[in-house]
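Summary of the model geometry
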Amino acid sequence: MLQEKERASIDRLWQRKLEQDAKGLPLSERHRNLEPASAEFICALSAGVGAKRMVEVGGSSGISTIALAAAARETGGRLISIEIDPARQAESRQTLSGLGLEPRVDYRTGDAASLLPGLSEMDFALIDCEKEDYIRFFDMLKVARGGIVVADNILSHDLGDYVAHVRKRPGAESVTLSVGKGLEVTRLA
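Report follows, based on the coordinates.

Among the nonpolar cores identified, the biggest contains 32 residues, and Ile42, Met54, Ile66, Phe124 and Val150 are the most heavily contacted of them. Elements supplying a minimum of two residues to this core: α1 (4–23), α2 (36–48), α3 (63–75), α4 (86–99), β3 (105–109), β4 (122–127), β5 (143–151) and β7 (183–187). Grouped together as the second largest cluster of nonpolar side chains are 25 residues, Val57, Leu116, Met122 and Cys129 included.

Set out below in structure tokens:
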């Protein structure tokens, strides 16, 4: 469960993202974060299923990292946070250090395409990166039986191809939720 200081940090990061959007900054200069409602949801879901081995692909400046690290604190687990931008990951690390959550996170900087193959099996994964990479990264994940993959921006970016792809996976159960910008929640058998 998220604590008030963690919610306050999420709100601060979200307000900055909204200010960056309002200024019309180029995408490369904006922090692209998970919406606060989606952060609450992934924290509750990952903790609720008892996920101990978690990965996020695209941590940006830390909203999703806060949520998943808080869940890891509750389950006794760990989060691997993959982010390609070193500056964003450094900010995330500083924020989580101030919240006392950094010990729950293994930060990895680089392209997920080169990092995912080296990971072991996960109980929970969040995909929130470049949209054209969703299918490729979903296929690269090693997910435990009964594990969950959540993908963000499903509705806002019309990611029907991703939805169709994950729903074709044998034994997959998947649903689109209108939380935040749309989450596809997929349970793998």
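That was the structure; now back to the text.
Tallying each qualifying case throughout the model produces 17 salt bridges. Linking Glu40 and Arg7 is a salt bridge whose minimum nitrogen-to-oxygen distance equals 2.5 Å. Of this pair, Glu40 sits in helix α2 while Arg7 sits in helix α1, and the two are 33 residues apart along the sequence. Judged by its relative accessible area of 31%, Glu40 is partly exposed. Judged by its relative accessible area of 23%, Arg7 is partly exposed. Arg187 is the partner of Glu173 in a salt bridge, and the nearest nitrogen-oxygen pair spans 3.0 Å. One end of the pair, Glu173, is in strand β6 (residues 173–177); the other, Arg187, is in strand β7, with 14 residues separating them in the sequence. Through salt bridges that share partners, Glu4, Arg7 and Glu40 make up one connected network.

Before going further, it helps to examine α3. Residues three or four positions apart in an α-helix share a direction because the helix packs 3.6 residues into each turn. Taking 1.5 Å per residue as the helical rise, α3 with its 13 residues ought to reach 18 Å, and the 19 Å between its terminal C-alpha atoms agrees with that figure. Most of α3 is tucked away, with 11 of its 13 residues classed as buried. Listing the buried residues of α3 in full gives Ile63, Ser64, Thr65, Ile66, Ala67, Leu68, Ala69, Ala70, Ala71, Ala72 and Thr75.

This part covers helix α7 (residues 160–168). Burial in α7 covers these residues: Tyr162, Val163 and Val166. One side of α7 holds all its buried residues, which, seen down the axis, span an arc of 100 degrees. Facing away from the buried side of α7, by more than 90 degrees, are the exposed residues Asp161 and Lys168. Buried residues along α7 sit against β4, α6 (134–140), β5, β6 and β7.

Before going further, it helps to examine the sheet that holds strand β1 (residues 53–57). Pairing in this open sheet of 7 strands is mixed, and the strands run β3-β2-β1-β4-β5-β7-β6 from one edge to the other. Two strands close off the open sheet at either side, each with one partner strand: β3 and β6. For this sheet, the mean angle separating the axes of adjacent strands, direction not counted, is 15 degrees. Relative to β7, β5 runs antiparallel, the two sharing 4 bridges. In the sheet register, Ala151 faces β7, and the bridge partner there is Glu184.

Inspection of every chain in the model, using the stated rule, returns 2 aromatic pairs. With a centroid separation of 5.6 Å and 85 degrees between ring planes, the pair formed by Tyr134 and Tyr162 is classed as edge-to-face. Taken together, the positions of Tyr134 in helix α6 and Tyr162 in helix α7 put the pair 28 residues apart, joining distant regions of the chain. Neither residue differs from the other here; Tyr134 and Tyr162 are each classed as buried. Three or more aromatic residues link up through ring pairs in this structure, and these residues are Tyr134, Phe138 and Tyr162.

Reading the values: the criteria
- Residues numbered from 1 in each chain as written.
- Predicted model: local features only at pLDDT ≥ 70, side-chain atom pairs only at ≥ 80, totals over all residues.
- Heavy atoms only, no water.
- Core = buried A, V, L, I, M, F, W, Y, C linked by side-chain atoms within 4.5 Å.
- Buried < 20%, exposed > 50% of the residue type's maximum accessible area, 1.4 Å probe, protein only.
- Helix = DSSP H or I, 4+ residues; strand = E, 2+ residues; numbered from the N terminus.
- Salt bridge = Lys/Arg side-chain N within 4 Å of Asp/Glu carboxyl O.
- Expected span 1.5 Å × (residues − 1).
- Arc of directions from axis to C-beta.
- Contact = heavy atoms within 4.5 Å.
- Pairing = 2+ DSSP bridges.
- Axes fitted to C-alpha atoms, helices over the stretch in contact; angles between N-to-C directions.
- Phe/Tyr/Trp six-rings, centres within 6.5 Å; stacked < 30°, edge-to-face > 60°.

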